[in-house]
Amino acid sequence: MSLKNKLIYPVLLAALLIVPVLAPGYMIYILCMIGIYYIVGLAMNILVAQAGQISIGHAAFWALGAYGAAVLVTRFNVPFEIAILCGGLLAAVFGLLVAIPAMRVQGHYLAIATLAFSMVVERTLHEWETVTGGRSGMFVPRPSLLGIELTSDMSYYYLIVLISLVFTWMIYNLQRAPSGRALQALKLSPTAASSCGVNRRASLVTVFVLSAFMTGISGGLFAHLVGYLSVSSFTLAVSLSFITMIVIGGAGRLMGAFIGAAFVTLMPEFMRGLAEAQMVAYGVILIVVVLFLPEGLAGLPRRIAAALSRPPGGVPVPGKKGDT
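Keep in mind that what you see is a predicted model, and the values were worked out from it rather than measured.

Participant: Any chance you could explain the packing of helix α2 (residues 25–50) against helix α11 (residues 236–249) here in plain terms?
Facilitator: Helix-helix packing: each pair is described by the crossing angle between the helix axes and the interaxial distance. Running from N to C, α2 and α11 cross one another at 75 degrees; their axes reach a closest spacing of 9 Å. With respect to each other, α2 and α11 are oriented roughly perpendicular. Here α2 contributes Y37, V40, G41, M44, N45 and V48 to the contact with α11, which in turn contributes F242, I243, M245 and I246. Tallied by class, residues from the contact of α2 with α11 come to eight nonpolar, two polar and no charged.

Below, the structure written as structure tokens:
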């Protein structure tokens, strides 16, 4: 790692700690949502970008983590930290169940299977009124962590940052570990990877369970941030926004997950005046990114640097990184 890259991370960490102090109240809430979506972006990255498994049902894992944690806190007086962990474990159990069809089907068939799973979970939460509140929804109190009341958005923000940093460290190491390289090999060629000794079944189960667990933790954090849960917060559109997040941000990149999370959070704020035309704007942005920025917005600086390193004639300057 170059000195430049080593300096980036301390600067980003300092910014994460200082920005909430300078930001107005509502902006701190927005920062909390970016952190929550960032965790989902990491979970989607290891599943889609690294393992090559397509899921359009991650809103179900998000809902399971949210409702699981909320029910434990509100109905059984379980401590917040234990409830959040149990919500993630509940999502992980269902991630294990979803991994079963992934061993038999791939591509759009797997996408349809995850879509069906998401629809079943959504309908179950909608009809199970005695537990989830059904159509009326349920209120979720602000959490208490180790006896400390996290009543303000700023205190909750720092908790989200701490959990996000832990997951970032996990994914960063996974990408460079033998198990992470095995996932990349399976994505490129399952047959070649299996012939080299990669256990496809174990790898797929691991990645689905881990991705679902992280998404469930994010859902639990979301529930206690917004203070109210409704089934409308976990629809197919939410699953599609998760995929949009990694496509626009940049699949397989930690910074891409953050950029995608910021995009999904901030764009509705900027496009409130467009009303129903918001989906059209989303579609146009997504098409432009796919056509002209296949590496997402996270790859834009590298493309700009490569373009600037070329003379007007288009011949690469010798010795410049990124030239072919």
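Participant: What's the story with a nonpolar patch on the surface in this structure? I'm lost.
Facilitator: Nonpolar side chains collect at one region of the surface, where L13, L17, I18, V21, L22 and L165 lie side by side and expose about 570 Å² of accessible area between them. Here the element with the most residues in the nonpolar patch is helix α1 (residues 3–22); it accounts for five residues. With respect to the helices, strands and loops of the structure, L13 is situated in helix α1.

Participant: I'm lost on helix α12 (residues 254–270) in this one. Help?
Facilitator: Along an α-helix, residues three or four positions apart point the same way, because every turn accommodates 3.6 residues. Over its 17 residues, α12 extends 24 Å from the first C-alpha to the last, a length consistent with the 24 Å expected when each residue adds 1.5 Å. The principal kink in α12, of about 25 degrees, is found at V264, preceding the proline P268 by one to four residues. Among all positions in α12, only L254, G256, A257, G260, A261, A262, F263, V264, T265 and M267 are buried.

Participant: What's the story with unusual backbone geometry in this structure? I'm lost.
Facilitator: It is generally the case that most residues other than glycine have a negative phi and that most peptide bonds are trans. A positive phi angle is found at N77, which is not glycine, with a value near 55 degrees. For N77, the location among the structural elements is in the loop between α3 (58–76) and α4 (80–102). Judged by relative accessible area, N77 falls into the exposed class, the value being 66%.

Participant: Is there a simple way to think about the nonpolar core in this case?
Facilitator: The tendency in soluble globular proteins is for nonpolar side chains to be buried side by side. Ranked by size, the top nonpolar core spans 89 residues in total, and within it W62, M214, L221 and L229 carry the most contacts. Filtering out sequence-adjacent residues up to four positions away, L221 remains in contact with I36, I39, F80, I84, Y156, I160 and I163.

Participant: How do you make sense of the pattern of salt bridges when you look at a structure like this?
Facilitator: Note on pairing: side chains with opposite charge can pair once their charged atoms come close. Evaluation of the coordinates by the stated rule reveals six salt bridges. Of the charged contacts, one joins E127 and R123 as a salt bridge, the two residues approaching to 3.0 Å between their closest N and O atoms. Here E127 and its partner R123 are both found in helix α5 (residues 107–127), four residues apart, which amounts to about one turn of the helix. Using a relative accessible area of 42% as the deciding quantity, one classes E127 as partly exposed. A residue is classified by how much of its surface remains accessible, and R123, at 47% relative accessible area, is partly exposed. Note that D153 is salt-bridged to R142, the shortest N-O span being 2.5 Å. Here R142 lies in the loop between β1 (138–139) and β2 (144–145) and D153 lies in helix α7 (residues 153–176), a separation of 11 residues in the sequence. By relative accessible area, which is 21% here, D153 ends up partly exposed. Three or more residues joined by partner-sharing salt bridges are found here, namely R123, E127, E129 and R135.

Rules of the game
Residues numbered from 1 in each chain as written. Predicted model: local features only at pLDDT ≥ 70, side-chain atom pairs only at ≥ 80, totals over all residues. Heavy atoms only, no water. Axes fitted to C-alpha atoms, helices over the stretch in contact; angles between N-to-C directions. Helix = DSSP H or I, 4+ residues; strand = E, 2+ residues; numbered from the N terminus. Parallel < 35°, antiparallel > 145°, perpendicular 65-115°, else oblique. Contact = heavy atoms within 4.5 Å. Nonpolar A, V, L, I, M, F, W, Y, C, P; charged D, E, K, R; others polar. Patch = residues over 30% accessible without salt bridge, like charges linked within 9 Å, V, L, I, M, F, W, Y side chains within 5 Å. Areas by Shrake-Rupley, 256 points an atom, 1.4 Å probe, with all protein chains shown as cover. Salt bridge = Lys/Arg side-chain N within 4 Å of Asp/Glu carboxyl O. Expected span 1.5 Å × (residues − 1). Bend = angle between axes of the 7 residues up to and from the residue. Buried < 20%, exposed > 50% of the residue type's maximum accessible area, 1.4 Å probe, protein only. Core = buried A, V, L, I, M, F, W, Y, C linked by side-chain atoms within 4.5 Å.

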